Amino acid sequence: MRSKTELESAIAGGGRAALVINSRSRRGRRLFGRARRMLREAGVEFVHVFPVTDPTRLRELFADVLAMEPDLIIVGGGDGTVAEAVGHLAHRDIALGVIPLGTTNNFARSLELPLNLDRAVQTLAVGRPGGGKVADVDVGWFESTGDPQGEGPGGDREHIFANMVSLGLSVHVAEKVPHTLKRFVGRPAYALTAARLLPSHEAFTARITIDGETVELATHQLNIANGAHQSGQRIARDASPDDRLLAVYRLGDERRLRLASATARHVLTGQWRSLNDDAFLTTGHVEIETDPPLRVDVDGEIRGRTPVSIRLHGNALRVIVPQTFVDT
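Note that the structure is predicted; figures quoted are calculated from it, not measured.

Chemist: Talk me through the sheet that holds strand E7 (residues 164-168); I want residue IDs and the actual numbers.
Modeler: One open sheet holds the 6 strands; their spatial order is E14-E13-E10-E7-E16-E17, and the pairing between them is antiparallel. The sheet is open, and its two edges are formed by strand E14 (281-283) and strand E17 (301-305), each paired on a single side. Within this sheet the neighbouring strands show an average axis-to-axis angle of 25°, counted without direction. Contacting E7, strand E10 (221-225), strand E16 (295-298) and E17, helix H7 (residues 169-176) runs over the sheet at an angle of about 100° to E7.

Chemist: Outline empty space enclosed by the protein, supporting the account with residue identities and numerical values.
Modeler: One pass over the structure, following the stated rule, counts 1 cavity of 30 Å³ or more. Approximately 40 Å³ is the volume found for the largest cavity. If you go around the largest cavity, the residues you meet are Ala225, Asn226, Gly227, Ile235, Ala239, Ser240, Asp243, Leu245, Leu246, Ala247 and Leu275. Its residues assigned to classes, the lining of the largest cavity comprises 7 nonpolar, 3 polar and 1 charged.

Chemist: Could you give an account of the pattern of salt bridges, naming the residues involved and the relevant values?
Modeler: All chains considered together, the criterion is met by 13 salt bridges. For glutamate 41, the salt bridge identified is with arginine 37, shortest N-O distance 3.9 Å. One end of the pair, glutamate 41, and the other, arginine 37, are both in helix H2 (residues 28-41), 4 residues apart, so they sit about a helical turn from each other. A residue is classified by how much of its surface remains accessible, and glutamate 41, at 60% relative accessible area, is exposed. Among the residues examined, arginine 37 registers a relative accessible area of 38% and is labelled partly exposed. Through salt bridges with shared partners, one network takes in Arg2, Asp71, Asp93 and Arg318.

Chemist: Run through the pairing of strand E4 (residues 95-100), naming residues and quoting values.
Modeler: One face of the sheet, then the other: side chains in a regular strand alternate in exactly this way. Where burial is concerned, most of E4 is hidden: 6 out of the 6 residues are buried. Across the two faces of E4 the burial is the same, with Ala95, Gly97 and Ile99 and Leu96, Val98 and Pro100 all buried. As paired elements, strand E3 (residues 72-77) and E4 share 6 bridges and run parallel to each other. Among the inter-strand pairings, isoleucine 73 is bridged to a residue of E4, identified as leucine 96. Judged from the 2 bridges that link them, E4 and strand E18 (residues 308-321) form a sheet pairing that is parallel. Counted as the bridge partner of alanine 95 is arginine 318 from E18.

Chemist: Explain the layout of surface pockets residue by residue, including any values.
Modeler: Computed from the structure, the second largest pocket encloses a volume of approximately 210 Å³. Forming the walls of the second largest pocket are 13 residues, and the residues nearest its centre are Gly168, His172, His201, Glu202 and Leu294. Partitioned by chemical class, the residues of the lining of the second largest pocket number 7 nonpolar, 4 polar and 2 charged.

Chemist: An account of the nonpolar core is requested, with residue identities and associated values reported.
Modeler: Core analysis: the largest hydrophobic core is formed by 35 residues, its most contacted members being Val20, Ile73, Val86, Leu96, Phe107, Leu317 and Val319. In terms of residue count, the dominant contributor to this core is helix H3 (residues 58-67) (5 residues). With residues near it in sequence (within four places) discarded, phenylalanine 107 still touches Asp79, Val82, Val86, Val137, Ala162, Asn163, Pro241 and Leu317. One finds Ala17, Met38, Ile74 and Leu117 within the second-largest nonpolar core, a separate group that totals 25 residues.

Chemist: I'd love a proper account of the pairing of strand E9 (residues 213-219), names of residues and values included.
Modeler: Sheet topology places strand E8 (residues 204-210) next to E9; 7 bridges connect them, and they run antiparallel. Within E9, the position partnered with phenylalanine 204 by the bridge is threonine 219.

Cut-offs used in this document
Residues numbered from 1 in each chain as written. Predicted model: local features only at pLDDT ≥ 70, side-chain atom pairs only at ≥ 80, totals over all residues. Heavy atoms only, no water. Pairing = 2+ DSSP bridges. Helix = DSSP H or I, 4+ residues; strand = E, 2+ residues; numbered from the N terminus. Axes fitted to C-alpha atoms, helices over the stretch in contact; angles between N-to-C directions. Contact = heavy atoms within 4.5 Å. 1 Å grid on protein atoms, 1.4 Å probe; cavity = no way out; pocket = protein on both sides within 12 Å on 5 of 7 lines; lining within 4 Å. Points joined across faces, edges and corners; volume = space filled by probe spheres on them. Nonpolar A, V, L, I, M, F, W, Y, C, P; charged D, E, K, R; others polar. Salt bridge = Lys/Arg side-chain N within 4 Å of Asp/Glu carboxyl O. Buried < 20%, exposed > 50% of the residue type's maximum accessible area, 1.4 Å probe, protein only. Core = buried A, V, L, I, M, F, W, Y, C linked by side-chain atoms within 4.5 Å.

Dropping the structure here:
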């Protein structure tokens, strides 16, 4: 495994690069050609370009990309596309570059990447004026030990994740939010879908075990975050994908109105809250059981059922980030 400096030098010196763009992401189809042209003009040349029109083929496609032994893989798309890339690139001597083309772009925000296409491309031009650097950040490891029935497509028992594991209302929202609504209104599509589903959603009991101590609570929504953003909003001012911590937190309790108010507080005050606040449990390993057993959303995909085990893998992923990103 090369050092970050060695990998950065290889990329800056014209190392092998591949481009994967999900043309079905919110802005992917419209910006694919422009992004490719801008990257070429910035000096980033690709040995192969992979436009993706069928997201179900992403796993197969990344196997082909890795066979090329690139130094850099640039991925254009939303959180789902990036999450698939992370699952393949963790613990590898390859850097991941991200062009944020999705609806919420949570992982890109956590990496402090510009959401503007021009500036995002500039960041990816490593070794050039305004270009970024290679950093290593944390990823999460998820294992489901629950009944596999009803997991749905892609219900892996083990999975590397980039940003977040979620239980509760958000699982139903992710399934029900109309793709067309996301395309036209962006992030508010999730809030509108949640408002429609909340009146019929049932609360659940979660048993959270950290270092042998178990906390039991009732809620409609429980999150376990590696990244710093949820639904495009910062969860805490000191949250980072490079802090060696998983942040466990619920939104509200068993009362439906408390979920709505807690979500509003999260949106309005997340940038000022700290992971030291009582709202968060922080750890490198957590075990979660629920009553009743629930399906689990892992970076936007259903990946099994509770009970689950979640661990942190520190500095497991090489990424291209702005020079201002604090790499620890």
